[in-house]
Amino acid sequence: EVMAIGRKFEEVIQKAVRMVDPSLVGFNSSALDKKDAKSYTGDQDLDEQLKNPTSLRLFAVARALEQGYSIDRLHALTRIDRWFLNKLKNITDMS
């Protein structure tokens, strides 16, 4: 659980991710490549990782956006509101 204050959602989620683990630079999929990411089984099972809520699902969403998944496809897999998915896409588009 974290608390972050900012003017936009994109700013707040970046702060929140960095507060959870200072070794992370923000919202991107690099957390999945860390050796302690045991629950992530690899990109071949990305759809399954997106369907199941885990501590790494946020980073799986980042990986999916980096790989070109559409907002509609992500919504169908995760049931995360499209508003949040669009905001997360804004972050990956700026990277």
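In case you missed it, the structure is sitting above this.
Overview of the structure. (Residues numbered from 1 in each chain as written. Predicted model: local features only at pLDDT ≥ 70, side-chain atom pairs only at ≥ 80, totals over all residues. Heavy atoms only, no water.)

### Some details on the packing of helix α3 (residues 57–66) against helix α5 (residues 82–94)
Okay, so step 1: At a closest axis distance of 10 Å, the pairing of α3 and α5 adopts a crossing angle of 65°. Both α3 and α5 take part in a crossing whose hand is right-handed. The residues of α5 that touch α3, namely those facing L58, V61, A62 and L65, are L85, L88, K89 and T92.
Okay, so step 2: Taken together, the residues of the contact of α3 with α5 break down into 6 nonpolar, 1 polar and 1 charged. (Axes fitted to C-alpha atoms, helices over the stretch in contact; angles between N-to-C directions. Helix = DSSP H or I, 4+ residues; strand = E, 2+ residues; numbered from the N terminus. Left-handed = near helix turned anticlockwise from the far one by under 90°. Contact = heavy atoms within 4.5 Å. Nonpolar A, V, L, I, M, F, W, Y, C, P; charged D, E, K, R; others polar.)

### Notes on the packing of helix α1 (residues 9–20) against α5
In helix packing, the relevant descriptors are the interaxial angle and the interaxial distance, both defined with respect to the helix axes.
Okay, so step 1: Relative orientation of the contacting elements α1 and α5 amounts to 75°, with a least axis distance of 9 Å. Taken together, the axes of α1 and α5 are roughly perpendicular relative to one another. Side by side, α1 and α5 meet where F9, E10, I13 and Q14 of the first sit next to W83, F84, K87, L88, N90 and I91 of the second.
Okay, so step 2: Taken together, the residues of the contact of α1 with α5 sort by class into 6 nonpolar, 2 polar and 2 charged. (Parallel < 35°, antiparallel > 145°, perpendicular 65-115°, else oblique.)

### A word on the side chain of T78
Okay, so step 1: Counting through the fold element by element, T78 comes out in helix α4 (residues 71–78).
Okay, so step 2: Residue T78 is classed as buried on the basis of its relative accessible area of 6%.
Okay, so step 3: Here the side chain of T78 touches L74 through a polar contact of 2.7 Å, landing on its backbone oxygen.
Okay, so step 4: Ignoring sequence-local partners within four residues, the contact set of T78 consists of L50, R57, V61 and L85. (Buried < 20%, exposed > 50% of the residue type's maximum accessible area, 1.4 Å probe, protein only. Polar contact = N/O pair within 3.5 Å; in protein donor to acceptor, adjacent residues only side chain to side chain.)

### What to know about a nonpolar patch on the surface
Okay, so step 1: Together, V2, M19 and V20 make up a nonpolar patch on the protein surface, roughly 280 Å² of accessible area in all.
Okay, so step 2: Position of V20 relative to the elements: it lies in helix α1.
Okay, so step 3: On the accessibility criterion, V20 (59% relative accessible area) is exposed. (Patch = residues over 30% accessible without salt bridge, like charges linked within 9 Å, V, L, I, M, F, W, Y side chains within 5 Å. Areas by Shrake-Rupley, 256 points an atom, 1.4 Å probe, with all protein chains shown as cover. Salt bridge = Lys/Arg side-chain N within 4 Å of Asp/Glu carboxyl O.)

### So, the pattern of salt bridges
Okay, so step 1: Counted according to the given criterion, the structure contains 6 salt bridges.
Okay, so step 2: Of the charged contacts, one joins K51 and E48 as a salt bridge, the two residues approaching to 3.4 Å between their closest N and O atoms. Within this pair, K51 and its partner E48 are both found in helix α2 (residues 46–51), separated by 3 residues, close to a single helical turn.
Okay, so step 3: On the basis of relative accessibility, which here comes to 42%, the residue K51 falls in the partly exposed class.
Okay, so step 4: A relative accessible area of 41% places E48 in the partly exposed class.
Okay, so step 5: Here R82 and D72 are joined by a salt bridge, their closest N and O atoms 3.0 Å apart. Of this pair, R82 sits in helix α5 while D72 sits in helix α4; the two residues are 10 residues apart in sequence, bridging distant segments of the chain.

Keep in mind these numbers describe shape, not what the thing actually does.
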